[in-house]
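Here is how the chains run, residue by residue.
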Amino acid sequence: MYAIVLKNILKEEECMIKELSIIGCGGHARSVADVVLNNNSTIKLNFYDTNAYKEERILGGTYTVLPLNINTNFEYTNLFIAIGNNLKRRDYTVHYLKNTDQNLVTIISHTAYISRFSDVKQGCFVAENVHIGPECEIGKCTIVNTRAVIDHESKIGKYCHISVNSTVCGRCTIGDNVFLGAGAVVKDKINICDNVTIGAGAVVCADITESGLYVGCPAKKIR
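Parameters at a glance
- Residues numbered from 1 in each chain as written.
- Predicted model: local features only at pLDDT ≥ 70, side-chain atom pairs only at ≥ 80, totals over all residues.
- Heavy atoms only, no water.
- Helix = DSSP H or I, 4+ residues; strand = E, 2+ residues; numbered from the N terminus.
- Expected span 1.5 Å × (residues − 1).
- Contact = heavy atoms within 4.5 Å.
- Buried < 20%, exposed > 50% of the residue type's maximum accessible area, 1.4 Å probe, protein only.
- Arc of directions from axis to C-beta.
- Polar contact = N/O pair within 3.5 Å; in protein donor to acceptor, adjacent residues only side chain to side chain.
- Phe/Tyr/Trp six-rings, centres within 6.5 Å; stacked < 30°, edge-to-face > 60°.
- Pairing = 2+ DSSP bridges.
- Axes fitted to C-alpha atoms, helices over the stretch in contact; angles between N-to-C directions.

### Brief notes about helix H1 (residues 27-39)
The end-to-end C-alpha distance of H1, which contains 13 residues, comes to 19 Å, matching closely the 18 Å that a straight helix rising 1.5 Å per residue would cover. Where H1 is buried, its residues meet strand S2 (19-23), strand S3 (44-49), strand S6 (79-81), strand S7 (106-108), strand S10 (125-126) and strand S13 (143-144).

### Structural notes on helix H2 (residues 86-97)
Every α-helix winds through 3.6 residues per turn, so residues three or four apart in the chain are directed the same way. Helix length check: H2, at 12 residues, gives a terminal C-alpha distance of 16 Å against a target of 16 Å (1.5 Å per residue), a fit within 8%. All of the buried residues in H2 are Asn86, Arg89, Tyr92, Thr93, Tyr96 and Leu97. What you see down the axis of H2 is that its buried residues fit within an arc of 125°, all on one side. In this structure Asn85 caps H2, since a side-chain oxygen of it lies 3.1 Å from the backbone nitrogen of Leu87. Trailing H2 by a residue or two, Lys98 shows a phi angle of about 50°, which is positive.

### Quick notes on the packing of aromatic side chains
Summed over the entire model, instances satisfying the criterion amount to four aromatic pairs. Plain terms: the ring middles of Tyr48 and Phe74 are 5.0 Å apart, the flat faces sit at 90° to each other, and that makes the pair edge-to-face. With a gap of 26 residues between them, Tyr48 in strand S3 and Phe74 in the loop between strand S5 (63-67) and S6 connect regions that are remote in the sequence. For the pair Tyr48 and Phe74, a shared accessibility class is recorded, and that class is buried. Between Phe74 and Tyr96 the ring centres are 5.6 Å apart and the planes differ by 80°, which places this aromatic pair in the edge-to-face class. Residue Phe74 is found in the loop between S5 and S6, and its partner Tyr96 is found in helix H2; the two are separated by 22 residues along the sequence. Here the aromatic cluster, defined as three or more aromatic residues joined through ring pairs, consists of Tyr48, Phe74, Tyr92 and Tyr96.

### Here's the deal with the sheet that holds S2
Taken in spatial order, the five strands make up an open sheet running S4-S5-S3-S2-S6, and their pairing is mixed. Of all strands in the sheet, those with a lone pairing partner are strand S4 (57-58) and S6, marking the two edges. Sheet analysis places S3 next to S5, joined by three bridges and oriented parallel. In the strand pairing of S5, Phe47 is matched with Val65. Packing of H1 onto the sheet brings it into contact with S2, S3, S4, S5 and S6, and relative to S3 it is tilted by some 175°. Packed on one face of the sheet, H2 meets S2 and S6 and runs near 155° to S6.

Here's what the structure looks like:
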């Protein structure tokens, strides 16, 4: 089976893209590339990064990272923003796509389970062994990382990161730019506002209505 690289969110409309440009060359970008290449080894990948040193090569020296600047044009390019930081991912998306999503792709591992009744928006990355239950909505450019679970009727906002082994139980609503740390749990029917960071292993047992950093079990705000 192939990695599902989509211009829309329906699995049935898998798009066999031959070439993909990836903004970023850090850990998240390498994970994204690994998902794509492990399932479609023929796709051509181009990496761009503002912080790449001259002639930097990644993934065993296979790929040269090209320079990225404010004037780099991706207008006619299949593009994926592989920046782990939520706010930077948002800013790069707005700048390089000029507020349109025409060329923005979604990448979903073939080992992920996504209910046919759920909606994954453009620019998302859904990693290996993720489970997304029925009637969920995953907002634009959100990362759902390895073995994460998002249960039925939950809504995840834009530019979020649902980290490795984390769980969002049923009927939760999570705002934009929320980072859920590795192994964290959000109990059922919980609401979390925008701009919240949940520490690794934390358990969210009550609604969060103020932005900030929350840790512990039950999760409490520390700043």
